[in-house]
Amino acid sequence: MIPYGRHSIDEGDIAAVVDVLQSDWLTTGPTLVEFEQAVAHTVDAPEAVAVSNGTAALHCAIHAIGLQPGDEVILPPLTFVATANAIVMCGGVPVFADVDPETLLLDPQAVEEKVTPRTKAILAVDYAGQPCDYHALRHIANRHGLVLMADACHALGASLNGRPVGSLADLTIFSFHPVKAMTTGEGGMVVTQQPEYANRMRIFRNHGITTDHQERLARQTWEYQMTCLGMNYRLTDFQCALGLSQLRKLQGWVTRRQAIASQYDDAWTSIPGIHPVSVRPDVSHAYHLYVILLNEEAYGMDRATLFSLLREQGIGAQVHYIPVHLQPFYREQFGTEPGLCPHAESAYENMLSLPIYPALKNEEVDQVIGAVKGIVVSHRLIPTGVS
Ligand SMILES: Cc1ncc(COP(=O)(O)O)c(C=O)c1O
């Protein structure tokens, strides 16, 4: 099976982890600080806080902005459930605004329409690895006094007008899950422009306690204070060692993902009814996902059939995502119903993510393209004779 995504681990990664396993610090040690500083430097952000996964990073970030029960956060529905769940975990109300039908990114106009006196923040999602329109979103945030947050779990290594994702919002969230741009096994990070947010997140990831064991050791004291209700969201030092080693390969991997995407893009020009999600001219796309949209009317086959037939041929296509507002939990708790975000709902019906990851070979990309074309032709979905 060719999966839709997978990690790349080499001997250097393994050696880096083993080094830390043989050191004195397995957690909250010097490798954590080094990893945070390296990511902050890469994405041009002054502060970075490493945590145990992307969901924890979202939770920390929303805690840091001081969300109060009943406060609203505007987000798109075309995301993983964790984006919205983090808002609810902090007592907030997720307010779903629709996406642009071409890019599938949060539509600033839709955001504007959802702002109320209870709105506290915008939580944009860089879907598939493409940065949102942060110029327009910043304008809205400034006008209404909102915090601008980016769920960039797909977009480490992407940029907008030459500015890296991580430098575009007040707080930016990354995930280091194995299918993401780089991995620490499980892992996440929040980068921010504001030291105050970073301080709050460092306390929150460590049970709400204001000092960690290294600081207490340095000050020769056993005393500590718990100032808020926190979690244990710490990331181990050996995971950070893996992260540091992976980070050195990030840019090359993003370039490889972009080359695969362009190989796919070229293929669909000869197939009516299949087109990739649009890419804005001002972005460098990180291509965590490569998503095609199928025009069902053009060839009379639904996405589920294509999904199953690809699976039969050993190609692990996926669907990202069932719009979050259609999940039973959100319908029951927040009364969200079909029709709330028509662009996201229609995209969901027609979308398919095809395999993309740095180790995917050109021949395998051709194999995926050949399989899609073969299925489409054999179902007389497009005129025979298309090669
Ligand atoms: C957009 C988005 N946000 C948040 C997450 C959560 O990240 P993690 O799996 O590291 O908790 C994911 C992971 O799939 C994601 O895709």
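Numbering of residues begins from 1 in every chain and follows the order in which that chain's sequence is written. Reporting of local features is limited, given that this is a predicted model, to residues whose pLDDT is at least 70; pairs of side-chain atoms are given and counted only at 80 or more, and all residues count toward the totals for whole chains, interfaces and linings.

Participant: What am I meant to see in the domain arrangement of the protein chain here?
Facilitator: A common way to state how big an interface is: give the accessible area lost once the parts meet. A domain assignment, automatic or from a database, supplies the domain bounds used here. In terms of domains, the protein chain is made up of domain 1 (11-247) and domain 2 (250-378). Here the C-alpha centre of domain 2 lies 26 Å away from the C-alpha centre of domain 1. Taken together, the elements giving at least two residues each to the side of domain 1 that touches domain 2 come down to helix 4 (81-89), strand 3 (93-96), strand 6 (159-160) and helix 9 (237-247). Residue polarity is assigned by list, with Asp, Glu, Lys and Arg as charged and Ala, Val, Leu, Ile, Met, Phe, Trp, Tyr, Cys and Pro as nonpolar; anything else, Gly included, falls into the polar class. The residue makeup of the side of domain 1 that touches domain 2, split by class, is 21 nonpolar, nine polar and four charged. Starting at the N terminus, helices and strands are each numbered in turn, a helix being any DSSP run of H or I of at least four residues and a strand any DSSP run of E of at least two.

Participant: Looking at this structure, how should I read the nonpolar core?
Facilitator: The tendency in soluble globular proteins is for nonpolar side chains to be buried as a group. Each nonpolar core comprises buried Ala, Val, Leu, Ile, Met, Phe, Trp, Tyr and Cys residues, the members being joined through C-beta atoms within 7 Å. With C-beta atoms placed from the backbone, a residue is buried if 20 or more other C-beta atoms are within 10 Å of its own, exposed if 12 or fewer are, and partly exposed between those counts. One finds Cys60, Ala61 and Ile122 to be the most contacted residues of the largest nonpolar core, which totals 128 residues. Shared between two domains, this core holds at least three residues of each, these being domain 1 (11-247) and domain 2 (250-378). Contact between residues is assigned whenever the C-beta positions, reconstructed from backbone atoms, fall within 7 Å. With sequence-adjacent residues up to four places away left out, alanine 61 is seen in contact with Met149, Leu171, Ile173, Val190 and Met201.

Participant: Please clarify how the site of the ligand should be interpreted in this entry.
Facilitator: Taken together, 15 residues form the shell around the ligand, and within it Asn53, Gly54, Thr55, Cys153 and Ser175 come nearest. Of all the secondary structure elements, the ones that give two or more residues to the shell around the ligand are helix 3 (54-64) and helix 4. Take the shell around the ligand: its biggest share by element is three residues, from helix 3. Residues belonging to the shell around the ligand are distributed by class as follows: five nonpolar, nine polar and one charged. Each residue gets a C-beta atom placed from its backbone. Should that atom fall within 6 Å of a molecule or strand, the residue is termed near it.

Participant: What is the right way to read the sheet that holds strand 6 from this model?
Facilitator: The strands making up a sheet are joined through hydrogen bonds of the backbone, oriented either antiparallel or parallel. Pairing is antiparallel in the open sheet, where three strands are placed in the order 7-6-11. What marks the edges here is a single partner per strand, and that holds for strand 7 (163-164) and strand 11 (283-284). Bridging between strand 6 and strand 7 involves two bridges; their strand directions are antiparallel. Bridging from a neighbouring strand, leucine 160 pairs with arginine 163 of strand 7. A strand pair is defined by DSSP finding two or more bridges across the two strands.

Participant: What's the story with the environment of valine 95 in this structure? I'm lost.
Facilitator: For valine 95, the position within the fold is in strand 3. Exposure remark for valine 95: the 23 C-beta atoms within 10 Å place this residue in the buried category. Placed 27 residues apart in sequence, valine 95 and isoleucine 122 show a C-alpha to C-alpha distance of 9.4 Å. Residue contacts for valine 95: discarding those within four places in its chain leaves Glu72, Val73, Ile74 and Lys114.

Participant: Mind showing me how you'd approach the pairing of strand 8 (residues 171-175) here?
Facilitator: On any regular strand, side chains alternate: one points to one face of the sheet, the next to the other face. Where burial is concerned, most of strand 8 is hidden: five out of the five residues are buried. As judged from the three bridges shared by strand 5 (residues 147-151) and strand 8, these two strands associate in the parallel manner. Directly across from methionine 149, in strand 8, lies its bridge partner leucine 171. As paired strands, strand 8 and strand 9 (residues 188-192) are joined by five bridges and run antiparallel to one another. When the sheet's bridge partners are listed, isoleucine 173 is paired in strand 9 with valine 190.

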